[in-house]
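# Summary of the model geometry
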Amino acid sequence: MERRVLLTWILSCLLLRPSAPQNPAPAGVLNCCEGDVLFVLDSSGSVSSYEHSRMLTFLSELLLPFSLGEDQVRVGLLQVGTKPRLEFGFDTFSTQSGLQGALRNIKPLKGDTNTVEALRMAKERVLRPGTADGARAGLPRVLVWLTDGVKPGDVLGPMAELREEGVAVLVVSTGHGNYQVLRQVVSPPVEEHLYFVDIDDMNIITEDLRDAIIEIIRAERIQVRDVSTNSATLQWRPVLSGLTGHYEIRFGPVLMGGGEGGGAGTSPSIGGGQYQRLIQSAESSTARLTGLKPDTTYTATLIPESNEQAFNTLSTTFTTKPEVLSPAVVTISESGQDSVQVNWGPLQPEKVTSYYIEYAALPRGKLHAVTVGRTQNSTLLRDLQPDTTYLVTVTARHASGKEKAMSVKVCTQEVTPALADLQLTTVGSDAVQVNWKGSVTGLRGYWLTWEGQQSSVPGQRSSLYLPPDSLSTRLTHLPPSARVCVSPIYRTARGEGLCCTAQFHSDALAYGNQL
């Protein structure tokens, strides 16, 4: 009995000891993927130590080619026994040496096949984003269940819940499982995600299972960002990092009838074979594509070149933005009685030679025009008529010979009366309080006059000047039924005024009429 145990232990060590040298990673696997893969390994009492070691050897060979890390593939291992145990989570290993060492040291749990509890742990602790050991949000999640198929328990419900949450389920059975149950467990397609294999022949499914996992977590992505009218940035996953080689980038207008989109192994046609070519180093992950035409659909193709291994060619299409010619917008920031401030944009001094501004009163006013330099994006139009609608047109004269115009309507403000609401309030028998409303803008002051309406004696008219900020005064010693007038004074003349007659026999207010 002791010799049999010793022989089993020696055989286990030989099976798990890494081969030297290791086989190179299969083409297209290194740096190929980004996702979280959890292996649920049956290590209950129905699985012998030999079978357990064979499963671990299988996992070692299956995972060896993958690049591990935060931006790559992350692996976790959950063992099934009476009390399932998470041997290591997704954040544990970022190198193959660490992962391979851990796989060599895993011990079986034995006991009952408590798969249902293991799946509950997988769902709540490992595969749910946001938990301590959880998967990364927005990335593919895969559960691979390795089982001998003996009394797994009622796994249909827990597996269905995982699939509903977006987890891809794959199963490897070493020959004793119920096919009808297991085919309901896996994610479609069944023929690619369900494997029955003898424990001694597991290596024959290694490549197929690896390809099935890669298909789910493949991250061979190429994308375009910062697209403008004449340039764009191409960004890709650095699959050549750490290898010798370079990236060849080809880009050009899409041939009419060529396909949209793009991806691994596809390449929409480039019009007439006319394309630009760039070479980037193996450590690069971006390239700036320049010299593009506005509002044009382009194909960009990325070709990783390396003598160490083969990689897929990736392609994508994108459309440059339409050219925006100034002026794209014309606005009015200030509007007065006789002037308006006109603004336009965008400012394009490298494309525009000058701006030509035309304006005329609607409907048939005289046309006026002014020209400003290419670095100017506003001007003040003066000597306009108050309370008038004008059509203002800004025309950009481009260096290419093109002209682009944009028009806007604007209304000047109406003239605010310099004087309004004249009121006289009698104070005693021969005095009045004079009040009015006025506009200080442009005024030099106010001129007050008063005289008796019945008097025919010359010289009886009196007058008084008041500054522009005065809106009231008191007049005394007035003759009976005196007529009081207030007029605005401008720089060159006196404007129209208002007049009121003071009635001393009543305390009623006297309201003015135009002089």
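Our subject in this report is the structure included herewith. Only a predicted model underlies this, so the values are computations on that prediction, with no experimental measurement involved. (Residues numbered from 1 in each chain as written. Predicted model: local features only at pLDDT ≥ 70, side-chain atom pairs only at ≥ 80, totals over all residues. Heavy atoms only, no water.)

Our next topic: the sheet that holds strand E18 (residues 378–381). Pairing is antiparallel across the open sheet formed by three strands, whose spatial order is E14-E15-E18. The open sheet has two edge strands with one neighbour each: strand E14 (329–335) and E18. Geometrically, the sheet is characterised by an average inter-axis angle of 25° between neighbouring strands, direction not taken into account. Examined bridge by bridge, E14 and strand E15 (residues 340–345) share six bridges and lie antiparallel to one another. Directly across from Ser-335, in E15, lies its bridge partner Val-340. (Pairing = 2+ DSSP bridges. Helix = DSSP H or I, 4+ residues; strand = E, 2+ residues; numbered from the N terminus. Axes fitted to C-alpha atoms, helices over the stretch in contact; angles between N-to-C directions.)

Here we come to the pattern of salt bridges. One pass over the structure, following the stated rule, counts 19 salt bridges. Here Glu-70 makes a salt bridge to Arg-74, at a shortest N to O gap of 3.8 Å. Classification of Arg-74 as buried rests on a relative accessible area of 4%. Linking Glu-161 and Lys-123 is a salt bridge whose minimum nitrogen-to-oxygen distance equals 2.9 Å. (Salt bridge = Lys/Arg side-chain N within 4 Å of Asp/Glu carboxyl O. Buried < 20%, exposed > 50% of the residue type's maximum accessible area, 1.4 Å probe, protein only.)

A few words now on the sheet that holds strand E4 (residues 141–147). A sheet is described by the order of its strands in space; here six strands give the open sequence E3-E2-E1-E4-E5-E6, paired in mixed fashion. Sheet topology places strand E3 (85–88) and strand E6 (194–196) at the edges, where each strand pairs with a single neighbour. Going from strand to strand, the sheet's axes swing by 20° on average, the running direction of each strand aside. Of the strands in this sheet, strand E1 (35–42), strand E2 (73–80) and E4 touch helix H2 (residues 49–63), which is tilted by about 165° from E1. (Contact = heavy atoms within 4.5 Å.)

Here we come to unusual backbone geometry. What you tend to see is this: most non-glycine residues have negative phi, and most peptide bonds are trans. Note that the residue after Pro-188, namely Pro-189, is joined by a cis bond; omega there is 5°. In the segment running from Gly-345 into Pro-346, the intervening peptide bond is cis, with an omega of 0°. Here Pro-346 lies in the loop between E15 and strand E16 (352–361). Phi at Asp-421 takes a positive value of approximately 55°, unusual for a residue other than glycine. Looking at the secondary structure, you find Asp-421 in strand E21 (residues 419–427).

With that settled, consider the packing of H2 against helix H3 (residues 96–104). Packed helices, taken two at a time, are described by their axes: the angle between them and the distance between them. The geometry of H2 relative to H3 is characterised by a closest axis approach of 10 Å and an angle of 170° between their N-to-C directions. As far as their axial angle goes, H3 and H2 are roughly antiparallel. Contacts between H2 and H3 involve Leu-56, Leu-59, Ser-60 and Leu-63 on the former and, on the latter, Gln-96, Leu-99, Gln-100 and Leu-103. For the contact of H2 with H3, the residue count by class is five nonpolar, three polar and no charged. (Parallel < 35°, antiparallel > 145°, perpendicular 65-115°, else oblique. Nonpolar A, V, L, I, M, F, W, Y, C, P; charged D, E, K, R; others polar.)

Here we come to the state of the cysteines. Across all of its chains, the model carries one disulfide by this definition. Across the disulfide from Cys-485 sits Cys-499; the S-S distance is 1.9 Å. Residues Cys-485 and Cys-499 share a disulfide whose torsion about the S-S bond is about 110°; that sign makes it right-handed. Residue Cys-485 is located in strand E26 (residues 482–489), and its partner Cys-499 is located in strand E27 (residues 498–501); the two are separated by 14 residues in the primary sequence. No difference in accessibility class separates Cys-485 from Cys-499, as the two residues are buried. Distance from the sulfur of Cys-500, which forms no disulfide, to the nearest cysteine sulfur (Cys-499) is 7.7 Å. (Disulfide = S-S within 2.5 Å.)

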